[in-house]
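Residues per chain are reported as follows:
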Amino acid sequence: MRPFRFGKMKKASEPELIQPRVAEVETELENPKLSSSLADNQTTMQTIFTNCPDFMYRELKIGQERVPVLLLYMNGLTDEQTVNGDILKSLVNIKSSNIIVSGSNTIEIIKNIFLEIGNITEITTIGEVEEAVLTGSVVLLLEGTSKALKIGTKGFDGRIVSEPATEGVVRGPREGFTESLQKNTAMLRRKIKTPNLKLEKFVLGRVTKTEVNIAYLDGTVNSKVVDEVKKRLSLIDVDSVLESAYIEEMIEDEPFSVFPQIDHSEKPDKIAAAIVQGQVAIFTDGTPFVLIVPTMMTQFLQSSEDYYDRSIYATSIRLVRFVFLTLALLLPALYIAITTFHRGLLPTSLLISITAAREGAPFPTVIEVLTMEVTFEALREAGLRLPKPVGQAVSIVGGLVIGEAAVQASMVSPVTVIIVALTGIASFGIPSYSFALAIRILRFGMIALASTLGLYGVLLGVLVMSAHLVSLRSFGVPYMAPFAPFNLKDMKDSLIRLPWWAMGDRPRLIAKNNNNRQRQKFFLKPVPPDDNEK
Amino acid sequence: MRKLVLIMVCLSIALLLTGCWDYKEVDRLATVMAIGVDRVPGSEIILLTVQIASTQGNGSNKQTGGQRGDGGPAYTVMNSEGKSLSEAIRNLGAQSTRRILISHCKLIVIGEGLAKTGIGEIVDDLKRDRQFRRTDRILTTDKTAKEILEKDIALEQVPARGLDLIMQNFETAGPVLPVNCNDFFVRLNEDPHVSSTPFAQLQDIDKEVTRQLEKAVGRPLDSEGKPKTLTIAKTAIFKDQRMVGVLNEEDTRAHRWLMDSPKGSSITLTYTPKAQPNEEKGEIQLDIIDGKTTIMPQISENGITMNIDMRAKVSLHETGSADVNVRDAQKIEQIQQQAEEAMKRQLEHTIDTAQKELKSDYVGFSENLHNSFPVDWKQVKDQWDNIFPTVNYHVSCEVEILNTSIISNPTLRSEPEE
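Residues numbered from 1 in each chain as written. Chains lettered and ligands numbered in written order. Predicted model: local features only at pLDDT ≥ 70, side-chain atom pairs only at ≥ 80, totals over all residues.

Q: Whenever I open this one, the overall build of chain B confuses me. Can you help?
A: Tallying secondary structure elements over chain B gives 13 helices and 13 strands in all. Projected onto the principal axes, the alpha-carbon positions of chain B cover approximately 100 × 65 × 60 Å. Split into buried and exposed, the 418 residues of chain B put 35% on the buried side. (Helix = DSSP H or I, 4+ residues; strand = E, 2+ residues; numbered from the N terminus. Buried ≥ 20, exposed ≤ 12 C-beta atoms within 10 Å, placed from the backbone.)

Shown next as structure tokens:
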């Protein structure tokens, strides 16, 4: 763990491009070619897929010559209609044509003339056949050739596009990513209509063979970041990747930091915006959550809606969020520190009210606050996991227990309840769930410091935290940018959000070293026509 | 590894430099709102009275006449004695279940006995004890401090808070110049060693009003009779750590004009029309909206002369029974003139009292001399007590009536028919 970096500030390690280790390269050694005998191939495949009842194969003889053909596919992964309707039909139709389907070019003839399917590739190895079958394609094997056809018929029922539950908006697009990678990248493509939007494919996970795509805008992105992302992705060697969090944990810069260093979203508009300003998105098959790198801390305090509201509203909401952040982190700590160490800081009447409220309280303030905070966290967790109707019941009971009964029974002082409630509300005011989690963890640290060292301890904690924050890097971009290092031009989209017509440049630290920094050619401040001028 | 050691060293230094451990739950503290110090003349013992905010009753704040909703009083008064103030405070701990917290104390009341025998000793302790703030206000009384602190103040749960609010109001407007510890100590330390504090009195206003009314209606009034009321309208003058005298209400007002600014105070003058002697006299009240007093020293072969120049912008608040047509510029002129004269008389009276009676320079002469002629001041500084009574002064006042409200003529008088 490196909470500090001493000496000269290290530059982000210059990303050097290691040739990505593509899965095929390694497996090629033990990846035998297909045999030209259909029967051999069939037995091989059957042994590979022993005890797989969903593995389907269908033999048929095509053409007037009755050439044996074998179709291999996974039941449920393929689109049944395509298999029955298009593939089988076209193969049967060969018979009625006059074309001879035997010999070395049979496979080309079938591919080029008969199959009424768009996505067909030739494959030659057992491994490829295996992969094709497992990813939902139909593989066509032909007697007499060592080649096979991979027919793209992927089609299984996925969730339909719906509004994301985690990132609701009042104004703005409501569609969210689904679990299907193809659907997701298509949604992105619909928003960014340029060939410069590049998607690069990786397959991660030895068992899950999860497809991962990185998306970036060529010409805008910092190519070093892309290379670094590719390098880090190619180094991943695990058996399974079931969610983007697997990747996030393996490619982040500081694994032991409490702070999330990679942002994620399930909203296509947010991902598109990130890509357009020069960030790289990492799509993972099977999850709607797409990673965004590099990430800066301010991103966690921004919601996509900030850009859809008028800038004055967005700015004021952002300022409120920074207040929330401070409250969520420090409020209980400050309450403890000030009431138990620095009574002189309180206005006299407030001191008297707090004292009166604490009259007869059995536990010290620290224990009181800690108990209430833990109870609150427990309630939140319970409400989150339980089915909705039960969750509501839990929160009602919990609210009553915490808010009413505990105070009535003189177990806790009402002021503590107010403080904990305020802190809870404040932590929900942070748009990013994972960043709010980090703040919640740190809050307990701050409480411990405040109860032992008072305000001095709180200050010490904030100091260490700030030192850690400014030392963090995300793919070469300082985490606290544009505050540290300070960059006035990038401040236009940080604490405040300037109107769109005033945001002429892309953020410097993300879209580094490129000529495509300018977003708009002119200063586009709207000027209504002057009525007096004729 | 070296980094880790370095971090550890940094953190341990940070932890070792924390200073005193001062953890205390608020419900284990007794919050002192005001302290009062008395001494019986001739005795060595300091008698300490503290007013402590009472917080019993689970924070229900409904009050009924100084009582909390559950019947307990909102404050407690505790007493102790000791050879010095700090010993007395320490002795207080012997009877209190809670630690005495003085940092919220707003007010220090000095009883007459102590004020007359000398406050040097307690001033030293007030300065040294870090729990006393330099912003605490000081009040002197003609009774004992104990009596003052045991008195309820109307509309306030904790009397100390009420007294503090009265003083706060005086900051912007009022007859008396409020004084905090810092002002008080600095003035006592500086060369003429003269300082002032507001002077509180217990007066039986209720009894007086009842008596007058009874006389008027000719029968005993059906009135319950309230306890004495605390009023702050005078100023105590301290010289060399001793109270040397008390200024009356008029001198107090002029003292404030001289030391601070006339803004916020008011003048009541008896208007005597000059042109038509048969017109009615009347009490006219003028509120000073804005004003400035400057004292300019002048050194000549005759000695030191102080030129006091007071300018006030006033609004005509009340004309009483005087027949004044405020649309008449001449009348306004007359009122202004009479106000100027009244003010001048008042200022002269106050300065005379300072020079002849109390022989202490509370009117700020030395301060202005020091500021304007630092070199000459150094020469006269040591004999200032002798020089001050002989200093010549010249007072000039200028009053300007800015507004007379919308009403131009006294309301209850019919306009003369034309």
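Here the narrative resumes, following the displayed structure.
Q: Would you explain the domain arrangement of chain B in this entry?
A: When the parts come together, some accessible area is lost, and that loss is often what is quoted as the size of the interface. All names here are of chain B. We note that the domain assignment places domain 1 (28–247) and domain 2 (261–418) within chain B. Facing 12 residues of domain 1, the contacting portion of domain 2 comprises 10 residues. Sorting the residues of the side of domain 1 that touches domain 2 by element identifies strand S7 (194–203), strand S8 (229–239) and strand S9 (242–247) as the ones contributing at least two each. (Domains from an automatic or database assignment. Contact = placed C-beta atoms within 7 Å.)

Q: Is there a simple way to think about the interface of chain A and chain B in this case?
A: Chain A puts 25 residues into the contact, and the matching count from chain B is 22 residues. For the side of chain A that touches chain B, the leading source of residues is helix H12 (residues 348–358) of chain A, giving 9 residues. Split by residue class, the side of chain A that touches chain B holds 14 nonpolar, 8 polar and 3 charged. (Nonpolar A, V, L, I, M, F, W, Y, C, P; charged D, E, K, R; others polar.)

Q: Looking at this structure, I do not really get helix H15 (residues 414–428) of chain A. What am I missing?
A: All names here are of chain A. With 15 residues, H15 should cover 21 Å at 1.5 Å per step; its first-to-last C-alpha distance of 21 Å lies within 8% of that length. All of the buried residues along H15 are Val415, Thr416, Ile419, Val420, Thr423, Gly424, Ala426 and Ser427. Elements in contact with the buried residues of H15: helix H11 (311–340), H12, helix H13 (365–385) and helix H16 (433–453). (Expected span 1.5 Å × (residues − 1).)

Q: How should the confidence of the model for chain A be read in this particular structure?
A: In low-pLDDT segments, the atomic positions of the prediction should not be examined closely. Here chain A averages 84 in pLDDT, and 90% of its residues register 70 or above. Mean pLDDT across the secondary structure elements of chain A bottoms out at helix H1 (residues 23–27) of chain A, with 47, and peaks at strand S9 (residues 280–284) of chain A, with 95. (pLDDT = per-residue confidence, 0-100.)

Q: Which parts of the structure should I look at to understand the environment of Gly172(A)?
A: Residues and elements named next belong to chain A. Locating Gly172 in the fold gives a position in the loop between strand S5 (148–151) and helix H6 (181–191). Classification of Gly172 as partly exposed rests on a count of 17 C-beta atoms within 10 Å. Through-space distance from the C-alpha of Gly172 to that of Asp269 is 8.6 Å; in sequence the pair is 97 residues apart. The contact partners of Gly172, leaving out residues within four places of it in the chain, are Asp269, Ser304, Glu305 and Tyr308.

Q: How should the sheet that holds strand S8 (residues 263–265) of chain A be read in this particular structure?
A: Sheet strands line up and pair through hydrogen bonds in the backbone, either parallel or antiparallel. Residue and element names in this part refer to chain A. An order of S6-S7-S9-S10-S8 is seen for the 5 strands of this open sheet, with the pairing classed as antiparallel. Where the open sheet ends on each side, the last strands, each with one partner, are strand S6 (197–204) and S8. Ignoring which end each strand starts from, the neighbouring axes of this sheet average 25° apart. (Pairing = 2+ DSSP bridges. Axes fitted to C-alpha atoms, helices over the stretch in contact; angles between N-to-C directions.)

Q: Would you explain the nonpolar core in this entry?
A: One broad rule of soluble globular proteins: the nonpolar side chains tend to lie buried together. Within the largest apolar cluster, 170 residues are counted, with the highest numbers of intra-cluster contacts made by Val280(A), Ala281(A), Ile282(A), Val32(B) and Leu48(B). Counting residues per element, this core draws most heavily on H11(A), which supplies 11 residues. Not counting residues within four places of it along the chain, the set of residues in contact with Ala281(A) comprises Ile214(A), Ala215(A), Ile271(A), Ala274(A), Ile275(A), Val290(A), Leu291(A) and Ile292(A). Met45(A), Ala132(A), Val133(A) and Ile151(A) belong to the second largest nonpolar core, which has 26 residues in total. (Core = buried A, V, L, I, M, F, W, Y, C linked by C-beta atoms within 7 Å.)

Q: I keep staring at the sheet that holds strand S10 (residues 266–271) of chain B and nothing clicks. Help me out?
A: Residues and elements named next belong to chain B. Taken in spatial order, the 4 strands of this open sheet run S10-S11-S12-S13, and their pairing is mixed. Looking at which strands have only one partner, the edges of the open sheet turn out to be S10 and strand S13 (392–403). Here the strands of the sheet are splayed against their neighbours by 35° on average, with no regard to which way each runs. Taken strand by strand, helix H11 (residues 365–372) contacts strand S11 (282–300) and strand S12 (303–318), and its axis lies near 45° from that of S11.

Q: It is not clear to me how the packing of H6(A) against helix H9 (residues 268–276) of chain A should be interpreted in this structure. Could you clarify?
A: Between two packed helices, what matters for the description is the angle formed by their axes and the separation of those axes. Residue and element names in this part refer to chain A. At their nearest, the axes of H6 and H9 sit 9 Å apart, and the two run at 60° to each other. For the element pair H6 / H9, the angle class is oblique. In the packing of H6 onto H9, the handedness of the crossing is right-handed. Facing Met187, Leu188 and Lys191 of H6, the residues of H9 in contact are Pro268, Asp269, Ile271 and Ala272. Of the residues that constitute the contact of H6 with H9, the class distribution is 5 nonpolar, no polar and 2 charged. (Parallel < 35°, antiparallel > 145°, perpendicular 65-115°, else oblique. Left-handed = near helix turned anticlockwise from the far one by under 90°.)

Q: Can you help me understand the environment of Ser466(A) in this one?
A: Summarising the element assignment, Ser466(A) is placed in helix H17 (residues 455–471). Measuring from C-alpha to C-alpha, the distance between Ser466(A) and Leu351(A) comes to 31 Å, with 115 residues separating the pair along the chain.

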